[in-house]
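The lines below spell out each chain.
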Amino acid sequence: MKVTTLAMASLLSASAVLTRCAAFAPSFTPRAAARVPSSSARWMSTEVDAAASASAAANGEAESTKPPRIRTRRILSGVQPTGSLHLGNYLGAIRQWVDFQNSPEMAPVFDPETNVETRTENFFCVVDLHAITMPHDPRELGESTKASAALYIAAGIDPEQSKVFVQSHVPAHAELAWLLNCATPMNWLERMIQYKEKKAKAESGGSDSVGVGLFTYPILMAADILLYQADRVPVGEDQRQHLELARDVVRRFNDQYCKGAQFKKRCKAAGIPSRPAFTEPEAMIVKQGGARIMSLTDGRSKMSKSDPNDGSRINILDEPALIRSKIKKCKTDDVVGLEWDNPERPESTNLLSIYQAVQPGRTREDILEEVGEMSWGTFKPLLADAVVAHLEPMQKRYAEVRADEEYLNGVLRDGADAADAIAGKTLEAARAAMGFTPRG
């Protein structure tokens, strides 16, 4: 499974964390506004609170008192449902999502000077459309999609606080990707480094061609970002090129379709404001968050689901006996003692990092004081015990979620409905800008 940032590289693709999909989309809505079906109501100006006077009167307050406006900060992240979710995916990305969800910073904040209350909406997506950019087994896609969603919940994503949904359950992702494909020059995609790398890897593996989806997946990533009107997207440095492509697409689209009297007429006919369809996102380059977990067979390579050697990774659902076996066989060196950050001993750094990561709150100094003088034969069983203990509650919760199909389906349905309500407005604006007939 790969983590997608909205800059979702191949996770939404590549692999940066929150990174692979995190997006902040500020917007304002009246606190008292209720969801209504008409497009004009859905696009109501945030500066207008039609219920202000009635609300003030109902509360016996002065007519000049206005209820706070709501500023929404939106977070979107996702992981591909291909292969098995492994320790690197969890520690490097999903656990950070959980920490972010539960952070005190996510609580509503009211600013009395501006009369604005800031709230955060979290959306965690299983990006199954990205998963088919490379050959896949149709028999496994559905199961791996539900398994990924269940693992989100098992890891600590709370459907009461965050929405969990499947990318293909929100049709706006695919439709907007097609619209943007038609507005994007081919040479912009031809210079995407990850496409070149994945194409070369596929060809070296015996494939004589790759699908068009692999070539155009950065446009799907751009659609993922733009649908939620993100103005800031935290990405790793390796995802910056995809974010820059999204920015280029926004500028080109808004310049070609969102100007002039005819544009205003089209918007009026559709019952929406005549403003640009998309917000141009800014890159927030973030350092690698969480633990950087490397392969058990090569301390210089990232732990990856695409590695044909299953012994190179610890999958979240591996049985305790299998975890112990993998750690016992993992690559080490012949040096006595353990240490961090010695470039000549990458496996030492990796295994120490795993040991620390599965014991939140412990420091490097604390870890070294405990195990620094140990031999590998003494340390490996200790590491295996710590990993097994950390994953056990997650595995138990996963089994509970998978056993309740009705609950999981309900979570995904509610999440898709919430995401669709937001994405649908953006798609409506894009369709109007390009001149499509408004939906009756």
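Going by the structure above, here's the rest.
Each chain has its residues counted from 1, running along the sequence as written. Reporting in this predicted model follows two pLDDT cut-offs: at least 70 for local features of residues, and 80 or more for side-chain atom pairs to be given and counted; totals over whole chains, interfaces and linings ignore these cut-offs and use all residues. Values reported for side chains reflect all heavy atoms of the structure, with hydrogen atoms and water molecules removed beforehand.

1. Some words on the overall build of the chain
Under the DSSP-based scheme used, a helix requires at least four consecutive residues in state H or I and a strand at least two consecutive residues in state E, with every element numbered from the N terminus. On a plain count of helices and strands, the chain comes out with 16 helices and eight strands. Accessibility here uses a 1.4 Å probe with only protein chains present; expressed as a share of the type maximum, an area under 20% marks a residue as buried, one over 50% as exposed, and anything in between as partly exposed. For the chain, with 440 residues in total, the buried portion stands at 50%. Within the chain, contacts between residues at least 6 apart in sequence are counted, and of these 74% link residues at least 24 apart. The contact rule is simple, with two residues in contact once any of their heavy atoms fall within 4.5 Å.

2. A few points about the pairing of strand E3 (residues 69-79)
Of all eleven residues in E3, nine are buried, a share of seventy percent or more. A strand pair is defined by DSSP finding two or more bridges across the two strands. Sheet analysis places E3 next to strand E5 (residues 116-126), joined by eleven bridges and oriented parallel. Residue pairing for E5: threonine 72 is matched across the bridge by arginine 119.

3. Remarks on the pattern of salt bridges
Proximity of charged atoms lets side chains of opposite charge pair with each other. The working definition used for a salt bridge is a side-chain nitrogen of Lys or Arg within 4 Å of a carboxyl oxygen of Asp or Glu. This model, assessed by the stated rule, comprises 25 salt bridges. Of the charged contacts, one joins aspartate 341 and arginine 364 as a salt bridge, the two residues approaching to 2.5 Å between their closest N and O atoms. With aspartate 341 in the loop between helix H12 (320-329) and helix H13 (346-357) and arginine 364 in helix H14 (residues 364-371), this residue pair connects regions lying 23 residues apart in the sequence. Arginine 364 gets classed as partly exposed once you look at its relative accessible area, which sits at 33%. Each of Arg191, Arg240, Glu244, Arg247, Asp248, Arg251, Glu280 and Glu282 takes part in one network of salt bridges that share partners.

4. Considerations on the packing of helix H9 (residues 212-226) against helix H10 (residues 240-257)
In this description, a line fitted to the C-alpha atoms serves as the axis of each element, helices being fitted only across the stretch in contact, and the angle between N-to-C directions of two axes falls anywhere from 0 to 180 degrees. Relative to each other, H9 and H10 sit at 70°, their axes nearing to 9 Å. As far as their axial angle goes, H10 and H9 are roughly perpendicular. The residues of H10 that touch H9, namely those facing Tyr217, Pro218, Ile219, Met221, Ala222, Ile225 and Leu226, are His242, Leu243, Leu245, Ala246, Val249 and Val250. Taken together, the residues that form the contact of H9 with H10 break down as twelve nonpolar, one polar and no charged. Note that the term roughly parallel is reserved for angles under 35 degrees, roughly antiparallel for angles over 145, roughly perpendicular for angles of 65 to 115, and oblique for everything else. Only Asp, Glu, Lys and Arg are considered charged in this grouping, and only Ala, Val, Leu, Ile, Met, Phe, Trp, Tyr, Cys and Pro are considered nonpolar; every other residue, Gly among them, is considered polar.

5. A look at the packing of aromatic side chains
Aromatic pairing here means that ring centres of Phe, Tyr or Trp (its six-membered ring) are within 6.5 Å. Orientation follows from the plane angle: under 30 degrees is stacked, over 60 is edge-to-face, and everything else is tilted. All told, the structure shown has eight aromatic pairs when counted by the stated rule. Ring centres of phenylalanine 123 and phenylalanine 165 lie 6.3 Å apart, and the angle between their planes is 80°; this geometry places the pair in the edge-to-face category. Taken together, the positions of phenylalanine 123 in strand E5 and phenylalanine 165 in strand E6 (residues 162-166) put the pair 42 residues apart, joining distant regions of the chain. Residue phenylalanine 123 shares its accessibility class with phenylalanine 165, and that shared class is buried. With a centroid separation of 6.1 Å and 35° between ring planes, the pair formed by phenylalanine 123 and tyrosine 228 is classed as tilted. Pair noted here: phenylalanine 123 is in strand E5 and tyrosine 228 is in the loop between H9 and strand E7 (232-235), with a separation of 105 residues, a long-range link. On the basis of relative accessible area, tyrosine 228 is assigned to the buried category, the value being 1%.

6. Concerning the side chain of arginine 402
Tracing the backbone shows arginine 402 in helix H15 (residues 376-403). Throughout this description, a polar contact denotes any pair of N or O atoms lying within 3.5 Å of each other; where both atoms belong to protein, one of them has to be capable of donating a hydrogen while the other can accept it, and for residues adjacent in sequence the pair is counted only when both atoms sit in side chains. For arginine 402, the side chain forms a polar contact with the side chain of glutamate 143, separated by 2.8 Å. Excluding residues within four positions of it along the chain, arginine 402 makes contact with Glu143, Lys146, Ala147, Ala150 and Leu408.

7. Describing the nonpolar core
By size, the foremost hydrophobic cluster in this structure holds 55 residues, and its most contacted members are Leu87, Tyr152, Phe379 and Val387. By residue number, the principal contributor to this core is H15, which donates eleven residues. Not counting residues up to four positions away in its chain, the partners in contact with valine 387 are Ile314, Ile323, Ile327, Ile354 and Val358. One finds Cys125, Tyr195, Leu220 and Ala230 within the second-largest nonpolar core, a separate group that totals 53 residues. Buried Ala, Val, Leu, Ile, Met, Phe, Trp, Tyr and Cys residues form a nonpolar core when they are joined through side-chain atoms within 4.5 Å.

8. Regarding the packing of H15 against helix H16 (residues 405-434)
In the contact formed by H15 and H16, the axes pass within 5 Å of each other and the chain directions differ by 90°. In terms of their interaxial angle, H15 and H16 are classed as roughly perpendicular. Mapping the contact onto sequence places Arg397, Val401, Arg402 and Ala403 in H15 and Glu405, Tyr407 and Leu408 in H16. Within the contact of H15 with H16, the residues separate by chemical class into four nonpolar, no polar and three charged.

9. Digging into helix H3 (residues 87-102)
Axes are fitted to the seven residues ending at a residue and to the seven starting at it; the angle between these axes is taken as the bend at that residue. The sharpest bend along H3 comes to roughly 35°, located at isoleucine 94. Most of H3 is tucked away: 13 of the 16 residues are buried.

10. Brief notes about H15
The span you would expect from a helix comes to 1.5 Å times its residue count less one. Over its 28 residues, H15 runs 39 Å from end to end, which matches the ideal 40 Å to within 8%, given 1.5 Å per residue. By the largest-angle criterion, glutamate 392 marks the main kink of H15, which is about 35°, and a proline, proline 393, follows within four residues.

11. Side note on unusual backbone geometry
Most of the time, phi is negative for any residue but glycine, and the peptide bond is trans. Even without a glycine there, the phi angle at asparagine 115 is positive, about 60°. With a phi angle near 65°, aspartate 341 is a residue other than glycine that sits in the positive phi range.

12. Focus on the environment of alanine 321
With respect to the secondary-structure elements, alanine 321 resides in helix H12. Taking C-alpha positions, alanine 321 is 9.4 Å from alanine 384, a pair spaced 63 residues apart along the chain.

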